[in-house]
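Architecture and fold: a report
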Amino acid sequence: MNVRIENSWKLRLEQEFEKDYFQHLVQFVKTAYSQGTVYPPANKIFNAFDLCPFDQTKVVIIGQDPYHEPNQAHGLCFSVMDNIPFPPSLINIFKEIQNDLHISMPTSGNLERWAMQGVLLLNATLTVNAHQAGSHQQKGWEQFTDKVIELLANEKKNLVFMLWGAYAQKKGAMISPANHLILQSPHPSPLSAHRGFFGNHHFSLANAYLVENNEIPITW
């Protein structure tokens, strides 16, 4: 199956694209886009991969679903397009960066600037119906993104995995702490950020680890 995705990822995922579950997933997604409004735009489904090639990946942040309201989702977890108000979780992420690294709150919530430095902003589910959170869960995306995490964990060394909340932490079961830095905390959602997301220092810890392993730190 010819999936439009950045080439270094395509080479590693070609066998996955041929599996029955992925064929069924493609049919489900195509039907959803043809029958209603689905986010992100179809040409942005694999945006996280297109902006952050496999070989350049240094940090992995795992989200759950794309945003499901207009003009927000563009294929990167937690990120919104330019000139779009920051969702609550993204505000809390920027607050933690501000407290951790003394960096001012940015004017844009577009995290493409992180992706292009080697931060894979991976949602476990890559599509969603408008106004219906979780509507494309259990259709095959989770199996696909589990494979992505497995490839990264097994083929690379010294990555930083940021696992925020119970859902993301379950995804961490296949990551060896001997080979990578695994940073876990509550989710940045307003419901849980005060339980330990604030003050987790994940951004400074990630950069310190990258420097220790002769990588350029991320400009958060």
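So, here is what we can say about the structure in this document. Residue numbers restart at each chain and count upward from 1, following the sequence in its written direction. Note on the predicted model: pLDDT of at least 70 is required for a residue's local features to be given, and 80 or more for side-chain atom pairs to be given and counted; whole-chain, interface and lining totals, by contrast, use all residues. Heavy atoms from the whole structure form the basis of all side-chain values; hydrogens and water molecules are not counted.

**Digging into the side chain of Glu 16**
Secondary structure elements are taken from DSSP: a helix is a run of H or I of four residues or more, a strand is a run of E of two residues or more, and numbering for both begins at the N terminus. Mapping Glu 16 onto the fold places it in helix H1 (residues 7–17). Every residue pair with non-hydrogen atoms within 4.5 Å of one another is taken to be in contact. Excluding residues that lie within four positions of it along the chain, Glu 16 makes contacts with Tyr 21, Phe 22, Gln 143, Phe 144 and Lys 147.

**Topic: H1**
Buried residues of H1: Ser 8, Trp 9, Lys 10, Leu 13, Glu 16 and Phe 17, and no others. Buried residues along H1 sit against helix H2 (20–35), helix H3 (47–51), strand E3 (119–123) and helix H6 (141–155). Exposure is judged per residue with a 1.4 Å probe applied to protein chains only, and the accessible area is read against the type maximum: over 50% gives exposed, under 20% gives buried, and values in between give partly exposed.

**Structural notes on the state of the cysteines**
We call a pair of cysteine sulfur atoms a disulfide when they lie within 2.5 Å. One pass over the full model with this rule turns up zero disulfides. Here Cys 52 stays unpaired: no disulfide links it, and the sulfur of Cys 77, its closest cysteine neighbor, is 11 Å away. By relative accessible area, Cys 77 is classed as buried at 0%.

**Structural notes on the pairing of strand E6 (residues 181–185)**
In terms of strand pairing, strand E5 (residues 160–164) meets E6 through five bridges, oriented parallel. Bridging across to E6, Leu 163 finds its partner in Gln 184. Looking down the strands as they point away from the viewer, one classifies a crossover as right-handed if the path from the first strand across the helix to the second runs clockwise. With helix H7 (residues 165–171) bridging E5 and its parallel neighbour E6, the resulting β-α-β unit is right-handed. Between any two strands, pairing holds if DSSP finds at least two bridges.

**Focus: the sheet that holds strand E2 (residues 59–63)**
Pairing within the open sheet is parallel, and its four strands lie in the order E3-E2-E5-E6. Lying at the two open borders of the sheet, with one neighbouring strand each, are E3 and E6. Sheet twist, expressed as the mean angle between neighbouring strand axes with direction ignored, is 20 degrees. As paired elements, E2 and E5 share three bridges and run parallel to each other. For Val 59, the partnering residue across the bridge sits in E5 and is Val 160. In the packing of H6 onto the sheet, contacts are made with E2, E3 and E5, and the angle to E3 comes to roughly 155 degrees. Axis definition: a line fit to C-alpha positions, over the contact stretch in the case of helices; interaxial angles, taken between N-to-C directions, run 0 to 180 degrees.

**Regarding the environment of Pro 87**
Inspection of the secondary structure assignment puts Pro 87 in the loop between E2 and helix H4 (88–101). We classify Pro 87 as buried; its relative accessible area is 9%. Taking the C-alpha atoms as reference points, Pro 87 and Ser 8, 79 residues apart in sequence, are found 31 Å from one another. Contacts of Pro 87, omitting those with residues within four sequence positions, involve Tyr 67, Gln 72 and Val 80.

Worth remembering: the numbers are spatial, not functional.
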